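The chain contents come next:
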Amino acid sequence: MSETYSDELLRSVLKRTKTIACIGVSTNPVRPSHYVARYMGLRGYRVIPVNPVYAGQELFGETVRGDLSELKDDSVDMVDIFRRSEAVPPIVEESLSLLSGLQTIWMQIGVRHADAASRAEAAGVTVIQNRCPKIEYQRLFGELRKGGFNTGIISSRL
């Protein structure tokens, strides 16, 4: 399984996604899971935090859920995984069985699991591994340019 994704694929995933379940989110604002989830929320996505350690607390205007079983009534388009690679298979299995509207499994930088990815793709779900939706959003929608980075994307926006 390749970890090379076209800009068109990444852009289409980010455009079609409305609700993200962020697995392994932290309430600590210096943790990557926190600032990625917060950033995506500020860009208009509904971000549902999932972490049993913080279950019941409020984060990003949502109640932190303890696990995926608490998301049955929410229409989740994307599951963003901030867990170690070995934790991915049960998360993917649970996501596939519980989330009927699931379109994307996104594994953060350093997170990958070929078997779980193959299982999700066989179920018709798009899988992105070893990438960050915040970084890809910034790169593809011109926001990195504001920080002085050449994104390689031509745009009239600054």
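Scope of this entry: the structure provided in the associated data block. Within any chain, residue numbers begin from 1 and follow the written order of that chain's sequence. For a predicted model such as this one, the threshold for reporting local features is a pLDDT of at least 70, and the threshold for listing and counting side-chain atom pairs is 80 or more; totals across whole chains, interfaces and linings nevertheless cover every residue. Think of the side-chain values as coming from all heavy atoms in the structure, minus any hydrogens and water.

### Topic: the packing of aromatic side chains
What counts here: Aromatic contacts are taken between Phe, Tyr and Trp rings whose centres are within 6.5 Å, Trp giving its six-membered ring; a plane angle under 30 degrees counts as stacked, one over 60 as edge-to-face, and the others as tilted. Secondary structure counts use DSSP, requiring at least four H or I residues in a row for a helix and at least two E residues in a row for a strand, with both numbered from the N terminus. Burial status follows relative accessibility: with a 1.4 Å probe on protein chains alone, a residue under 20% of its type maximum counts as buried, one over 50% as exposed, and anything between as partly exposed. Two conditions define a charge sitting above a ring: the NZ of Lys or the CZ of Arg must be within 6 Å of the ring centre, and it must be within 35 degrees of the ring normal.
One pass over the full model with this rule turns up 3 aromatic pairs. Where Y45 meets Y137, the ring centres are 6.2 Å apart and the plane angle is 80 degrees; that geometry is what we call edge-to-face. A residue pair is termed long-range when its members are at least 10 positions apart, and Y45 in the loop between α2 (32–42) and β2 (46–50) and Y137 in helix α5 (residues 133–140) qualify at 92 residues. A single burial state applies to Y45 and to Y137, both of which are buried. Taking the centre distance of 4.7 Å and the plane angle of 35 degrees together, the rings of Y137 and F141 count as tilted. Considered together, Y137 and F141 belong to a single accessibility category, that of buried residues. Taken together, the ring pairs connect Y39, Y45, Y137 and F141 into an aromatic cluster. Seen from the ring of Y39, K134 lies directly overhead, with NZ or CZ sitting 5.2 Å from the centre.

### Some details on the environment of M78
Going by this rule: Should any heavy atoms of two residues lie within 4.5 Å, those residues are counted as being in contact.
As for its position among the elements, M78 is in strand β5 (residues 78–81). On the basis of relative accessibility, which here comes to 0%, the residue M78 falls in the buried class. Remark: the alpha-carbon pair of M78 and V125, spanning 47 residues in sequence, is separated by 9.5 Å. When neighbours within four sequence positions are excluded, M78 is seen to be in contact with V13, T17, T19, I20, A21, L102, T104 and W106.

### Structural notes on the packing of helix α3 (residues 88–98) against helix α4 (residues 114–122)
A pair of packed helices can be characterised by two numbers: the angle between their axes and the separation between those axes. Defined as follows: Axis lines are fitted to C-alpha atoms, over the contacting stretch for helices. Their N-to-C directions set the angle, which ranges from 0 to 180 degrees. Between 65 and 115 degrees an angle is taken as roughly perpendicular, under 35 as roughly parallel, over 145 as roughly antiparallel, and anywhere else as oblique. By convention, the crossing between two helices is left-handed when the near helix turns anticlockwise from the far helix through less than a right angle, and right-handed when the turn is clockwise. In this classification, the charged set is Asp, Glu, Lys and Arg, the nonpolar set is Ala, Val, Leu, Ile, Met, Phe, Trp, Tyr, Cys and Pro, and all remaining amino acids, among them Gly, are polar.
Two elements in contact, α3 and α4, have axes separated by 9 Å at closest approach and are oriented at 10 degrees. The orientation of α3 relative to α4 falls into the category roughly parallel. Crossing hand, α3 versus α4: left-handed. Judged by residue contacts, V88, P89, V92, E93 and L96 of α3 engage A116, R119 and A120 from α4. Taken together, the residues of the contact of α3 with α4 sort by class into 6 nonpolar, no polar and 2 charged.

### Some details on helix α1 (residues 7–16)
Residues lying three or four places apart along an α-helix face the same way, a consequence of the helix completing one turn every 3.6 residues. Applied cut-off: Here the arc refers to the set of directions running from the helix axis out to each C-beta atom.
Along α1, the residues classified as buried are L10, V13 and L14. Buried residues of α1, seen end-on, are gathered within an arc of 95 degrees and therefore sit on one face of the element. Residues of α1 that are exposed and point more than 90 degrees away from the buried face comprise E8 and K15. Its buried side turned inward, α1 meets α2, β5, β6 (104–107), β7 (126–128) and α5.

### Details of the packing of α1 against α5
Here α1 crosses α5 at 110 degrees, and the two axes come no closer than 10 Å. Taken together, the axes of α1 and α5 are roughly perpendicular relative to one another. Together, D7, L10, R11 and L14 of α1 and P133, E136, Y137, R139 and L140 of α5 make up the contact between the two elements.

### With respect to the pairing of β5
Cut-off, in case you're wondering: Strand pairing requires that DSSP identify at least two bridges connecting the strands. By convention, orient the strands away from the viewer: a clockwise path from the first strand over the helix to the second makes the crossover right-handed.
Residues M78 and D80 of β5 are buried on one face, and the alternating residues V79 and I81, pointing to the opposite face, are buried as well. Bridging between β5 and β6 involves 4 bridges; their strand directions are parallel. Paired with V79 across the bridge in β6 is I105. A crossover links β5 with its parallel partner β6, the connecting element being α3, and its sense is right-handed.

### A word on α3
Along α3, the residues that are buried comprise V88, I91, V92 and S95. The arc enclosing the buried residues of α3, seen along the axis, measures out at 100 degrees, which places them on a common side. Looking at the buried residues of α3, the elements they touch are β1 (19–23), β5, β6 and α4.

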